[in-house]
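Summary of the model geometry
In case you want the letters, here they are:
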Amino acid sequence: MPPDVVIFAIGNPSRGDDAIGPLLMERLRDWLPGQAGGARFELVEDFQLQVEHALDLEGKSLALFIDAGSGTPAPFHFGPLQPAADFTHTSHALGPATVLHVYQKLQGRESPPSFVLCVRGEAFDLGAPLSEAAQAHLEQAWVLVRRLCAKPGVADWHGLAR
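Below is a short write-up of the structure. Note that the structure is a prediction, hence the values are computed from the model and not measured.

Formed by 28 residues in total, the largest nonpolar core has its most connected members in Ile7, Leu24, Leu64, Phe78, Leu117 and Trp157. Of all the elements in the fold, those that place two or more residues in this core are β1 (5–10), α1 (20–31), β3 (62–69), β4 (76–81), β5 (114–120), α3 (132–150) and α4 (154–160). Top element by residues in this core is α3. It accounts for eight residues. Every residue in contact with leucine 64, bar those within four places of it in the chain, is listed here: Val6, Ile7, Phe8, Phe78, Phe115, Val116, Leu117, Leu148 and Trp157. Phe8, Leu49, Ala54 and Val116 belong to the second largest nonpolar core, which has 17 residues in total.

Here we take up the sheet that holds β1. The strand order across the open sheet built from five strands is β2-β1-β3-β5-β4, with neighbouring strands paired in mixed fashion. Unpaired on one side and paired on the other, β2 (41–46) and β4 mark the two borders of the sheet. Strand after strand, the sheet turns through a mean of 15 degrees between neighbouring axes, direction not considered. In the sheet, β3 pairs with β5 via seven bridges, with the strands oriented parallel. By the bridge assignment for β5, aspartate 67 is matched with cysteine 118.

On to α1, then. End to end, α1 covers 16 Å across twelve residues, agreeing with the expected 16 Å (1.5 Å per residue, within 8%). Buried residues of α1: Ile20, Gly21, Pro22, Leu24, Met25 and Leu28, and no others. Packing partners of the buried residues in α1 comprise β1, β2, β3, β5 and α3.

About the cut-offs
- Residues numbered from 1 in each chain as written.
- Predicted model: local features only at pLDDT ≥ 70, side-chain atom pairs only at ≥ 80, totals over all residues.
- Heavy atoms only, no water.
- Core = buried A, V, L, I, M, F, W, Y, C linked by side-chain atoms within 4.5 Å.
- Buried < 20%, exposed > 50% of the residue type's maximum accessible area, 1.4 Å probe, protein only.
- Helix = DSSP H or I, 4+ residues; strand = E, 2+ residues; numbered from the N terminus.
- Contact = heavy atoms within 4.5 Å.
- Pairing = 2+ DSSP bridges.
- Axes fitted to C-alpha atoms, helices over the stretch in contact; angles between N-to-C directions.
- Expected span 1.5 Å × (residues − 1).

Written as structure tokens, this is what we have:
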């Protein structure tokens with residue numbers, strides 16, 4: 001059976017707390033193969049979201065976008081995501097809501113139910129290590145990510161939104 005849940009981890013490991021997404025992805029890559037249902041997940045990691053990521057939603061029943069955020073309430077925000085046409089003329093990177101919108105435009109149908117996990121970061125300087133606060137937030141987010149993977153369903157994920 002092909003994977004029906006996609007998890008995107010966005011971030012740059014060379015930019016301090018922006019490494020949160022890739023670090024969670026690294027843990028998922030190590031942890032998921034030993035879990036019942038681990039084959040249901042497709043893992044996608046990149047520095048930033050692009051138009052092409054809309055294609056990774058094809059055939060999926062559920063999507064999770066993981067990223068770090070500087071203005072995010074600590075330790076993280078987790079909740080549903082709705083498509084939105086939020087293109088800017090100054091950047092080629094997209095937000096998760098825009099990726100969903102692109103999917104709908106390309107496919108002519110609704111995007112899969114999607115959620116965002118934004119983990120609070122404190123320091124995003126080039127070459128900086130992960131901050132102590134971000135490490136603590138990452139640990140709390142890891143607990144949630146494992147719960148999400150244990151019950152990959154829209155109703156279950158809505159019940160964990162905060």
